[in-house]
Amino acid sequence: AKQQGGAEICFYSKNINSNLQERLELETDLHNALNNNEFQLYYQPKVDLLSKRVVGAEALLRWIHPQKGFISPEQFIPLAEETGLILKIGDWVLNDACHQAALWHRSDMSDIKVSVNVSGQQFKESGYIEHVNRALKRSDLPPSLLMLEMTESLAMDNVETSIELLNGLKQQGVGLSIDDFGTGYSSLSYLKRFPLDELKVDRSFITGIPENEEEAQIVQAIIAMAKALRLSVVIEGVETEAQLNLLQLTQSDLIQGYYFSKPLKADQFEAYARTMNDE
Ligand code: C2E
Ligand code: CA
Ligand code: CA
Ligand code: CA
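Keep in mind it's a predicted model, so treat the numbers as computed, not measured.

For the rest of this paragraph, the subject is the nonpolar core. Within soluble globular proteins, side chains that are nonpolar generally end up buried alongside one another. Formed by 82 residues in total, the largest nonpolar core has its most connected members in Y43, L146, L148, L169, I235 and F269. Sorting elements by how many residues they give to this core places helix α3 (residues 86-106) first, with nine residues. Excluding its chain neighbours within four sequence positions, the residues that come into contact with L148 are L94, V116, V118, Y128, V132, L169, V174, G175, L176 and S177.

Structure representation (C-alpha cells):
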C-alpha cells in the first residue's frame, strides 16, 4: 500500500510540475509578446437596437503565439494580472484602440465609439488618468469617442477611491461603462454615486432567453433600474433572433453579440459597419 501511495504522489507531482512548467513558459512568452508584436485588437460591433446601426466597437485583445497559435484572453489576462504585465499590455491596448478610433473618426465613420477593457491593476495604478490623457493626446481622439469598461467588482472593491477616480476620468470627457453587470454584488445606492454612462448586462442573463421566463424578467428589471439611473443599456451575448425579438420589447439601447457579429479585425469591422450603416 505504501508503494502504491508513493506512485500516486509521484504521478501527482509530475502533473503539477508540467502545469507549472507550462505556466512558466507562457509567462516568459507573455513577457516578449509585446516586443514581438504578437498582440492584436479585434473589434466587436455594438448595434443600436432600434436603428440597427453600428454605433460602437469593443476592443478585445488577441494573442497570436508564434508556436501555440491563438491564446484566449480568458487564459492570458489572469496571468498578465498576476505578473503585473497587464500594466504595459493595458497601456498598449489603450493606445492602439485610441489610434484606431481616431482613424475611424477621420474617415466616414466619425461617430464610432471605441470601448476598452480596464483591469483592476491599471485602475489602481497611480497616474491612470494621465495614461488615458496621453493616449487621447497622442492619437488626437476626441475623449467622448473613448469608453472605458470596468467590471462591477472592480468598481465596488474600494468604493470611495473608485468614485474619485471615475470623477477624474469623467472630467476628461471619456465615457464610463460597468461591465458584466449582475455577476458581482452591486448595491444600487453605490451605482448611483458613480458617474456612469453605460451598463452592460452580462451574457449569463441572456442565455436562457426566451424560454426562461424568470431570466427574461430579471433582464427587464435590470434594464428598468439602469433607465432609472439614466444609463444607456447594452445587452451582451445576444446570439439568436428569438433573443433579439424579446429584447425588442424592452428599453435596452445597444446589442452586442454573435447574432450581429463576432469580434472582427479592424478592416473587417469597417466593412461591416459600412454595410450596416449605409442602408
Ligand atoms: P468581456 O469584456 O465580457 O468581453 C466579452 C466577451 O464575450 C468576449 O470574449 C466576446 O468575444 C464574447 N462574446 C461576445 N458576444 C458573444 C456571444 O454572442 N456569445 C458568446 N458565447 N460570447 C460572446 P473574449 O474576446 O474572449 O474576451 C474575454 C474576456 O477577456 C473579456 O470579457 C475581458 O474580460 C477580457 N479581455 C479581453 N480583452 C481585454 C483587454 O484588452 N484588457 C483586459 N483587461 N481584459 C480584456
Ligand atoms: Ca468588456
Ligand atoms: Ca462583459
Ligand atoms: Ca466577461
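Ligand 1 sits among 21 residues. The nearest are Q44, L61, R62, E239 and Y258. A distance of 2.8 Å separates an oxygen atom of ligand 1 from a polar atom in the side chain of R62. Here ligand 1 loses 84% of its free accessible area of 810 Å² to cover by the protein chains. At the level of elements, β2 (54-65), α2 (73-83) and β6 (175-181) are the ones that each hand at least two residues to the shell around ligand 1. Per-element accounting of the shell around ligand 1 gives the leading share, four residues, to β2. Partitioned by chemical class, the residues of the shell around ligand 1 number eight nonpolar, five polar and eight charged.

Among the structural elements, Q122 can be located in helix α4 (residues 120-124). Within the local environment of Q122, its side chain forms a polar contact with the backbone oxygen of G90, the two atoms lying 3.5 Å apart. Sequence-distant contacts of Q122, that is, excluding residues within four places in its chain, are made with I86, L87, G90, D91, N117 and Y128.

As a further point, take the coordination of the calcium ion (ligand 4). Six octahedral donors around a metal ideally subtend angles of 90 or 180 degrees, whereas four tetrahedral donors ideally subtend 109.5 degrees. Coordination of the calcium ion (ligand 4) by the protein involves D180 (OD) and D180 (OD), with metal-donor separations of 2.9 to 3.1 Å. Here the calcium ion (ligand 4) and the calcium ion (ligand 3) are spaced 3.9 Å apart, linked through D180, which binds each one. With respect to the helices and strands, the residue D180 is situated in strand β6.

All right, on to the packing of helix α5 (residues 128-139) against helix α7 (residues 159-172) then. The interhelical angle for the contact between α5 and α7, taken along N-to-C directions, is 20 degrees, at an axis separation of 10 Å. Accordingly, the angle class assigned to the pair α5 and α7 is roughly parallel. Read as a crossing pair, α5 and α7 show a hand that is right-handed. In this structure, α5 contributes Y128, I129, V132 and N133 to the contact, and α7 contributes L165, G168, L169 and Q172.

All right, on to the pairing of strand β5 (residues 146-151) then. Judged by how many residues are buried, β5 sits mostly within the fold: five of six residues are covered. Where strand β4 (residues 113-117) meets β5, four bridges bridge the pair, whose relative direction is parallel. Residue pairing for β5: V114 is matched across the bridge by L146. Note that β5 and β6 share five bridges and pair parallel. Directly across from M147, in β6, lies its bridge partner G175.

About the thresholds
- Residues numbered from 1 in each chain as written.
- Chains lettered and ligands numbered in written order.
- Predicted model: local features only at pLDDT ≥ 70, side-chain atom pairs only at ≥ 80, totals over all residues.
- Heavy atoms only, no water.
- Core = buried A, V, L, I, M, F, W, Y, C linked by side-chain atoms within 4.5 Å.
- Buried < 20%, exposed > 50% of the residue type's maximum accessible area, 1.4 Å probe, protein only.
- Helix = DSSP H or I, 4+ residues; strand = E, 2+ residues; numbered from the N terminus.
- Contact = heavy atoms within 4.5 Å.
- Near = heavy atom within 4 Å.
- Polar contact = N/O pair within 3.5 Å; in protein donor to acceptor, adjacent residues only side chain to side chain.
- Areas by Shrake-Rupley, 256 points an atom, 1.4 Å probe, with all protein chains shown as cover.
- Nonpolar A, V, L, I, M, F, W, Y, C, P; charged D, E, K, R; others polar.
- Donors = N, O, S within 2.8 Å, 3.2 Å for Na, K, Ca; no water.
- Axes fitted to C-alpha atoms, helices over the stretch in contact; angles between N-to-C directions.
- Parallel < 35°, antiparallel > 145°, perpendicular 65-115°, else oblique.
- Left-handed = near helix turned anticlockwise from the far one by under 90°.
- Pairing = 2+ DSSP bridges.

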